[in-house]
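Listed here are the chains, written in short residue letters.
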Amino acid sequence: MAIGQFAKGVAAGRLDPEQYAENFSDLHEPFTEHEARVEADRCYFCYDAPCMNACPTQIDIPMFIRQIATENPLGSAKTIFDQNILGGMCARVCPTETLCEEACVREAAEGKPVQIGRLQRYATDVAISQDVQFYERAPRSGKRVAVVGAGPAGLACAHRLAMHGHDVTVFDAREKPGGLNEYGIAAYKSVDGFAQAEVDYLVEIGGIAIENGKALGREIALSGLVADYDAVFLGMGLGGVNDLHAEGEDAAVNAVDFIAELRQASDLSALPVGRRVVVIGGGMTAIDAAVQSKLLGAEDVTICYRRGKENMNASVFEQDLAAANGVTIRHWLAPKRVLTEDGKVTGIELEYTMLDNARLTGTGEVLILPADQVFKAIGQTFASSALNGSGPVIALENGRIKVDAEGRTSLDRVWAGGDCVAGGEDLTVSAVAMGRDAADSINRALGA
Amino acid sequence: MADLTTTFAGIKSPNPFWLASAPPTDKAYNVVRAFEAGWGGVVWKTLGEEGPPVVNVNGPRYGAIWGADRRLLGLNNIELITDRDLQTNLREIKQVKRDWPDRALVVSIMVPCEEESWKAILPLVEETGADGIELNFGCPHGMSERGMGSAVGQVPEYVEMVARWCKQYTRMPVITKLTPNITDIRKPARAAFSGGSDAVSLINTINSITAVDLDSFSPEPSIDGKGTHGGYCGPAVKPIALSMVSEIARDPEMRGKLISGIGGITTWRDAAEFMALGAGTVQVCTAAMTYGFKIVQEMITGLSNYMDEKGFTSVDDLVGRAVPNVTDWQYLNLNYVTKARINQDLCISCGRCHIACEDTSHQAIFNEVDGKRMFVVNDEECVGCNLCVNVCPVEDCITMEQLAPGQLDERTGKRVAEDYANWTTHPNNPMAKVREPAE
Ligand SMILES: Cc1cc2nc3c(=O)[nH]c(=O)nc-3n(C[C@H](O)[C@H](O)[C@H](O)COP(=O)(O)OP(=O)(O)OC[C@H]3O[C@@H](n4cnc5c(N)ncnc54)[C@H](O)[C@@H]3O)c2cc1C
Ligand SMILES: Cc1cc2nc3c(=O)[nH]c(=O)nc-3n(C[C@H](O)[C@H](O)[C@H](O)COP(=O)(O)O)c2cc1C
Ligand code: SF4
Ligand code: SF4
Ligand code: SF4
């Protein structure tokens, strides 16, 4: 065991160097060809398949699985990409336990659904590793579309627009495309630089120019885009973070920033992490921050959530994953104060909570947990300033962009999708579905 | 515990499970291991004439069909009869029989279709003390091109003639092994018995090509880019073998004749089914080649437990028990009306029954009830065909329920008649006549 394991405070190199690679390897090993065929054979090829209806992108799951079973992985990959060009990433990150696999009839039958996600990964890996391209662009339309944000929503939109023959320019504030695929998804879900490999694969269709380091509200303005392009798609995700409303909150670290840093780190042993870590939140981000802290060598990691287990946004699978990694999840605790000494975090003061006529209130009882690092992961917010500072005002709803069923915003020729719109599910796969459908809507509008 | 000992054409064995003539019985080494494992008998790998033995190909001799997890479903081979010297085989047979007197040791023989050839080999085999001989008229590849094996088995006159020679030149019991590569299995079987055979055994392997390599365009197994048809065996052939066995068992001309059942027997249950259709012993090849000799223990205990459960004390209680229930289509009761019933507690809503019935049968399963996904049989359309039962992935989820006499069949609008009635008397049958059903 490395000496660093019990180093006080926030420190790097807590583990033996080899340990990092092992800790951050694939969460689910990819299937071998034989494993894939055996698993594929478990699929019943259901009629009007429940799994397919549970997929936000409506992939024809029984068909792609049958194509694996019949040794046609490329046909299978095309079936997937027809509906979801980011099917490779979705195979890795979708909470399948609450989507397709929850709906699988074999879940009802025996509690063991067909492993749809892993099969999807198998087929898409074959196509991407062999760099087989399935789509040709339609004849050039001469129309130009601007896409803001190179996350799942923007990329899916760009690809579908390119298929329709339009020329697409994607602007992204960050240095690399991919959005949260590149900066947010837990490292053990997307290993070996898959996010960039997928972007490279996807843009090979042609007609897509990605311009990184260009932010709406900084280098570019919505008014300019509307003037220069035939249509605009906004897929900017969520730029802001919810406040804890706790004293000393500035000493807490934004979990999403921590994860982004981790995802971009070339040497994980150089990444500092607390010996005792407290994560505030109850969703996927909280779980990811907690688990990855643990994997970096934190001795003691606790998630504090202000409501009960059943209210957590993280799925049971995610909660079990945290538990399996030695993370403690505590419920009915709300943060009151981040405790510091000489500018360093020493702990967090929390108050027990309860439901009083369906309203969450503090009980007055207080708990202090010692901590060297506190992460806040209580949800992200849409940073609307980028929009409204740079052009005409777009209608919002619950703090996010308001769109209709096709993804049209209140502004003419401006569409939006992904996390930045109201009423979504904040999942990669939903972002893909919205981007794709907005592209079809844009195409119809441009054709008219 | 039920008594599994069998006496078949005078040949005794401690259980009805014999190894068929094939690689598992090619030499003393294998046969001794088989006896140690508990097999009741063996039919030694087919012997040929004195002189230089046949040669086998030196590349792959098997092709196969698999289920998804590589479960072997069907095997095909292009192996010939023994490629070992006759004298070596005879020496080993003699030794093994001496060491294992309680086991059945039958010797399979295939020599040219000439009286002299048979007359020459029979005394040599008899001298070993073997319990009997099996005439290999079945092998569908290689040997048949040389006028032996299935080339003989496909001509009833030859079958009868060779059987007669054998009865003439040996006192050993004669079992004639039949080829399934023929239209009516009863013809060669009858011929075998008219020639004096004590029993028939069937089936030998079925002409087959298991696969074609879609890169080299060679049939499998491929020998230097070329392939030939081989003999198919294993679980896939069981239904064909069962039917052929039953055809012989229920043939009035062959009533009570001895049958050794072969073809795809893999478990005690398969064996029991062959026996119920009239097989006095069963022979196994592919299952042993897939799993090794130990499987016989599963067969012995399985059959024995089953017989205990049924109160059968000896195998004779089981042999032939299903034969009276095999009949011709025309005698099936047309007043037996069934409807599919779906057990909603077991149903997992996969929809396979619906789409099977909707696309390919009688549009008799609803996929929605009150706007909700649910699978329910529409009695007005259900013809009771059983397809849905066969495609449903959940065992016993769909059952076929008989409509009692007097109940209304909503499809025909008629009440189910009480009495038995079949096609021979049906008004739609232009050749209808009043006739008694077959027994
Ligand atoms: C830590 C974490 C873990 C997650 N894990 C999962 C998971 O396992 N499974 C899952 O399904 N979902 C997960 N999610 C949710 C998922 O990542 C998002 O729902 C999805 O990425 C949304 O896609 P998007 O394209 O709408 O936004 P994003 O992926 O956020 O992409 C938005 C892009 O827009 C760019 N951008 C932002 N503002 C501007 C601007 N002003 N100008 C130009 N560009 C801009 C950003 O740089 C970014 O590249 C996770 C989220 C987080 C935070
Ligand atoms: C490789 C191989 C070689 C065989 N050789 C012979 C043979 O020499 N003589 C014979 O009568 N049958 C031979 N058979 C046929 C088997 O005895 C048996 O009839 C057939 O395999 C069907 O039984 P099963 O389904 O249990 O395998 C052979 C079968 C195989 C697989
Ligand atoms: S629900 Fe399950 S079994 Fe049915 S098609 Fe989907 S994956 Fe296959
Ligand atoms: S028994 Fe045949 S006709 Fe009746 S519901 Fe089943 S498949 Fe349809
Ligand atoms: S096939 Fe069986 S399990 Fe599937 S819907 Fe029909 S009855 Fe239900």
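Here's a quick rundown of the structure.

1. Considering the site of ligand 1
All names here are of chain A.
- Looking at ligand 1, there are 35 residues lining it, with Val-93, Asp-172, Lys-189, Leu-216 and Asp-419 nearest.
- Between ligand 1 and Ala-153 there is a distance of 2.9 Å, counted from an oxygen atom to a backbone nitrogen or oxygen.
- For ligand 1, the protein covers 94% of the area, taking 980 Å² as the surface of the free molecule.
- Counting only elements with at least two residues in the shell around ligand 1, the list comes to α10 (152-163), β3 (167-172), α15 (284-295) and α18 (428-447).
- Ranked by the residues each element gives to the shell around ligand 1, the list is headed by α15, at 3 residues.
- Of the residues contributing to the shell around ligand 1, the split by class is 18 nonpolar, 10 polar and 7 charged.
- Shared between two domains, the shell around ligand 1 takes at least three residues from each, and those domains are domain 1 (10-25 + 241-379) and domain 3 (144-239 + 382-445).

2. A short note on the site of ligand 5
- Taken together, Ile-342, Cys-347, Ile-348, Ser-349, Cys-350, Gly-351, Cys-353, Phe-375, Cys-392, Pro-393, Cys-397 and Ile-398 of chain B form the complete shell of residues around ligand 5.
- Residues belonging to the shell around ligand 5 are distributed by class as follows: 10 nonpolar, 2 polar and no charged.

3. Notes on the interface of chain B and chain A
- Taken residue by residue, the interface counts 13 residues in chain B and 13 residues in chain A.
- Taken together, the two surfaces of chain B and chain A that pack against each other cover about 1100 Å², and 64% of this comes from carbon and sulfur.
- For the pair chain B and chain A, the interface holds 1 salt bridge.
- The greatest single-element share of the side of chain B that touches chain A, amounting to 3 residues, is contributed by helix α11 (residues 352-360) of chain B.
- Taken together, the residues of the side of chain B that touches chain A sort by class into 5 nonpolar, 4 polar and 4 charged.

4. A word on the packing of aromatic side chains
- Inspection of every chain in the model, using the stated rule, returns 9 aromatic pairs over all chains.
- A ring pair is formed by Trp-268 of chain B and Tyr-306 of chain B, whose centres lie 5.4 Å apart and whose planes are at 35 degrees; its orientation type is tilted. Here Trp-268 of chain B is found in helix α8 (residues 268-276), whereas its partner Tyr-306 of chain B is found in helix α10 (residues 295-310), with 38 residues between them in sequence.
- Under the relative-accessibility criterion, Tyr-306 of chain B is labelled partly exposed at 22%.
- Chaining the aromatic ring pairs together yields one cluster made of Phe-81, Phe-134, Tyr-135 and Tyr-201 of chain A.

5. Observations regarding the pattern of salt bridges
- Summed over the entire model, instances satisfying the criterion amount to 46 salt bridges over all chains.
- Of the charged contacts in the structure, one is a salt bridge between Glu-349 of chain A and Arg-337 of chain A, with a shortest N-O distance of 2.8 Å. Highlighted residues: Glu-349 of chain A in strand β13 (residues 344-356) and Arg-337 of chain A in strand β12 (residues 333-341), separated in sequence by 12 residues.
- Here Glu-349 of chain A falls in the buried class, since its relative accessible area comes to 11%.
- Note that Asp-379 of chain B is salt-bridged to Arg-341 of chain B, the shortest N-O span being 2.9 Å. In this pair, Asp-379 of chain B sits in the loop between β17 (372-377) and α12 (387-391) while Arg-341 of chain B sits in strand β15 (residues 338-342), placing the two residues 38 residues apart along the sequence.

6. Re the pairing of strand β13 (residues 258-262) of chain B
Residues and elements named next belong to chain B.
- Counting buried positions over the 5 residues of β13 gives 4, a clear majority of the element.
- Two elements, strand β10 (residues 199-202) and β13, share 4 bridges in a ladder whose sense is parallel. Across the sheet, residue Leu-202 finds its bridge partner in β13, namely Gly-261.
- Bridge count for β13 against strand β14 (residues 281-284) is 3 bridges, and the pairing is parallel. Pairing of Ser-260 across the sheet is with Thr-281, part of β14.
- What joins β13 to β14 is α8, and the crossover it makes is right-handed.

7. Details of the side chain of Ser-108 of chain B
- Looking at the element boundaries, Ser-108 of chain B is found in strand β7 (residues 104-109).
- Contact partners of Ser-108 of chain B, with chain neighbours within four places excluded, come to Ser-21, Val-43, Trp-44, Lys-45, Thr-46, Leu-47, Glu-134 and Asn-136 of chain B.

8. Thoughts on the sheet that holds strand β5 (residues 62-66) of chain B
Residue and element names in this part refer to chain B.
- Pairing is antiparallel across the open sheet formed by 4 strands, whose spatial order is β5-β6-β12-β11. At either margin of the open sheet sits one strand with a lone partner, and together these are β5 and β11 (206-208). Pairwise comparison of adjacent strand axes, ignoring direction, gives a mean angle of 35 degrees for this sheet.
- Where β5 lies against strand β6 (residues 72-77), 5 bridges are found, and the strand directions are antiparallel. Bridge pairing in β6 places Trp-66 opposite Leu-72.

9. Let's talk about the environment of Val-345 of chain A
Residue and element names in this part refer to chain A.
- Here Val-345 lies in strand β13.
- Measuring from C-alpha to C-alpha, the distance between Val-345 and Asp-372 comes to 5.1 Å, with 27 residues separating the pair along the chain.
- Here Val-345 is in contact with Ala-251, Val-338, Leu-339, Thr-340, Ala-371, Asp-372, Gln-373 and Val-374, once residues within four sequence places are set aside.

Rules behind the numbers
Residues numbered from 1 in each chain as written. Chains lettered and ligands numbered in written order. Predicted model: local features only at pLDDT ≥ 70, side-chain atom pairs only at ≥ 80, totals over all residues. Heavy atoms only, no water. Near = heavy atom within 4 Å. Polar contact = N/O pair within 3.5 Å; in protein donor to acceptor, adjacent residues only side chain to side chain. Areas by Shrake-Rupley, 256 points an atom, 1.4 Å probe, with all protein chains shown as cover. Helix = DSSP H or I, 4+ residues; strand = E, 2+ residues; numbered from the N terminus. Nonpolar A, V, L, I, M, F, W, Y, C, P; charged D, E, K, R; others polar. Domains from an automatic or database assignment. Contact = heavy atoms within 4.5 Å. Buried area = accessible area lost by both parts, 1.4 Å probe. Salt bridge = Lys/Arg side-chain N within 4 Å of Asp/Glu carboxyl O. Phe/Tyr/Trp six-rings, centres within 6.5 Å; stacked < 30°, edge-to-face > 60°. Buried < 20%, exposed > 50% of the residue type's maximum accessible area, 1.4 Å probe, protein only. Pairing = 2+ DSSP bridges. Right-handed = clockwise from strand over helix to strand, strands pointing away. Axes fitted to C-alpha atoms, helices over the stretch in contact; angles between N-to-C directions.

The values reported here are purely geometric and, on their own, carry no functional implication.
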